[in-house]
Amino acid sequence: MSKCSDVKNIINNDTNKMDDLNVESIKTQEDINRCRTAIIELKKERKYNAAMEKIISLFNAGYTDADLMLDLAQIYYNTQDYTRAESWARNSYNKDGSTDTLIFLAKIYSSDDKMENMAEILNEILENNYDAFSDEQKKLIDDLIFYVELTYELGEINKKFPNIAKWMNRNDAIDDSFEEPEATDNKEDEAFNDNINNEQQDECENDSSIEENITESFGNDESEKKS
């Protein structure tokens, strides 16, 4: 029996298999491209039966590549069949050794509440240099490490998962480098405001004196006229 037939039988013999699948014949490169594009769109629309049909159609045509295996893993993950999701993610990783696939495998373990497995995979992933990861990968790793911190004491992390501990220490060092801004000394501002207030008060007093003088002069003029 061919490997492609094995793949099809594994899917069709699943006890939790989906509805009967309509497998189409793949003959041209255009058929291949159309199927691959359709798989992406069907997964976004959560039409997993239809996506599975396209995947098996490509398997039958001899295309058992890592991307298709990862597609299957993602479909099983999205339907919460974590056992099969793990199996197909591992098959995909064994094909091409993709870091993205290994991170996804750690995510499967986390969702399946297998924290020990997840932490072991994550510790393996973090053997790579920090700069080797994309920003998106770093975010996924940080999300997974959050659950590691919830599950294990710091001493246990240092002992069992040294690469995770190193990553955590690096993040802590980055956080510490952002110092809070110093409190602004308001004494100079207060002195300035006091000076402004004093000047305004002096001006008001001067205005009052001028007004009094004018009133007094006006009163004297009136008295002289009456005389």
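Use the structure listed above.
Residues numbered from 1 in each chain as written. Predicted model: local features only at pLDDT ≥ 70, side-chain atom pairs only at ≥ 80, totals over all residues. Heavy atoms only, no water.

What about the overall build of the protein chain?
If you tally the helices and strands in the protein chain, you get 11 helices and 0 strands. Put simply, of all contacts in the protein chain between residues at least 6 apart along the chain, 57% involve residues at least 24 apart. Total accessible area on the protein chain stands at roughly 15,200 Å², and carbon and sulfur atoms take up 44% of it. (Helix = DSSP H or I, 4+ residues; strand = E, 2+ residues; numbered from the N terminus. Contact = heavy atoms within 4.5 Å. Areas by Shrake-Rupley, 256 points an atom, 1.4 Å probe, with all protein chains shown as cover.)

A short note on the packing of helix 6 (residues 99–111) against helix 8 (residues 135–151)
Closest axis-to-axis distance for the helix 6/helix 8 pair is 11 Å, and the angle between their directions is 25°. Relative to helix 8, the element helix 6 lies roughly parallel. As for the relative orientation of helix 6 and helix 8, their crossing is left-handed in sense. Taking contact as the criterion, the partners of Thr99, Asp100, Ile103, Ala106, Lys107 and Ser110 in helix 6 are, on helix 8, Gln137, Leu140, Ile141, Leu144 and Tyr147. The residue makeup of the contact of helix 6 with helix 8, split by class, is 6 nonpolar, 3 polar and 2 charged. (Axes fitted to C-alpha atoms, helices over the stretch in contact; angles between N-to-C directions. Parallel < 35°, antiparallel > 145°, perpendicular 65-115°, else oblique. Left-handed = near helix turned anticlockwise from the far one by under 90°. Nonpolar A, V, L, I, M, F, W, Y, C, P; charged D, E, K, R; others polar.)

Details of the nonpolar core
Leu122, Ile125, Leu126, Ile141 and Ile164 are the most contacted members of the largest nonpolar core, which has 51 residues in total. Mapped onto this core, the elements with two or more residues apiece are helix 2 (29–44), helix 3 (48–60), helix 4 (66–78), helix 5 (82–96), helix 6, helix 7 (115–125), helix 8 and helix 10 (162–177). Ranked by the residues each element gives to this core, the list is headed by helix 4, at 8 residues. Sequence-distant contacts of leucine 122, that is, excluding residues within four places in its chain, are made with Ile141, Leu144, Ile145, Val148 and Ile164. (Core = buried A, V, L, I, M, F, W, Y, C linked by side-chain atoms within 4.5 Å. Buried < 20%, exposed > 50% of the residue type's maximum accessible area, 1.4 Å probe, protein only.)

Regarding the packing of helix 5 against helix 6
Taken N-terminus to C-terminus, the directions of helix 5 and helix 6 make an angle of 165°; their axes are 9 Å apart at the nearest point. Classified by the angle between their axes, helix 5 and helix 6 sit roughly antiparallel to one another. For the pair helix 5 and helix 6, the sense of crossing is left-handed. Contacts between helix 5 and helix 6 pair Tyr82, Ala85, Glu86, Ala89, Arg90, Ser92 and Tyr93 from the former with Thr101, Leu102, Phe104, Leu105, Ile108, Tyr109 and Ser111 from the latter.

Overview of the environment of lysine 47
Of note, lysine 47 is situated in the loop between helix 2 and helix 3. The spatial distance from the C-alpha of lysine 47 to the C-alpha of isoleucine 75 is 9.5 Å, given a sequence separation of 28 residues.

With respect to the packing of aromatic side chains
Enumeration according to the criterion identifies 7 aromatic pairs in this entry. Plain terms: the ring middles of tyrosine 77 and phenylalanine 104 are 5.4 Å apart, the flat faces sit at 65° to each other, and that makes the pair edge-to-face. With tyrosine 77 in helix 4 and phenylalanine 104 in helix 6, this pair connects stretches of sequence that are 27 residues apart. A residue is classified by how much of its surface remains accessible, and tyrosine 77, at 15% relative accessible area, is buried. Ring geometry for tyrosine 130 against tryptophan 167: centres 4.9 Å apart, planes inclined by 45°, an arrangement best described as tilted. (Phe/Tyr/Trp six-rings, centres within 6.5 Å; stacked < 30°, edge-to-face > 60°.)

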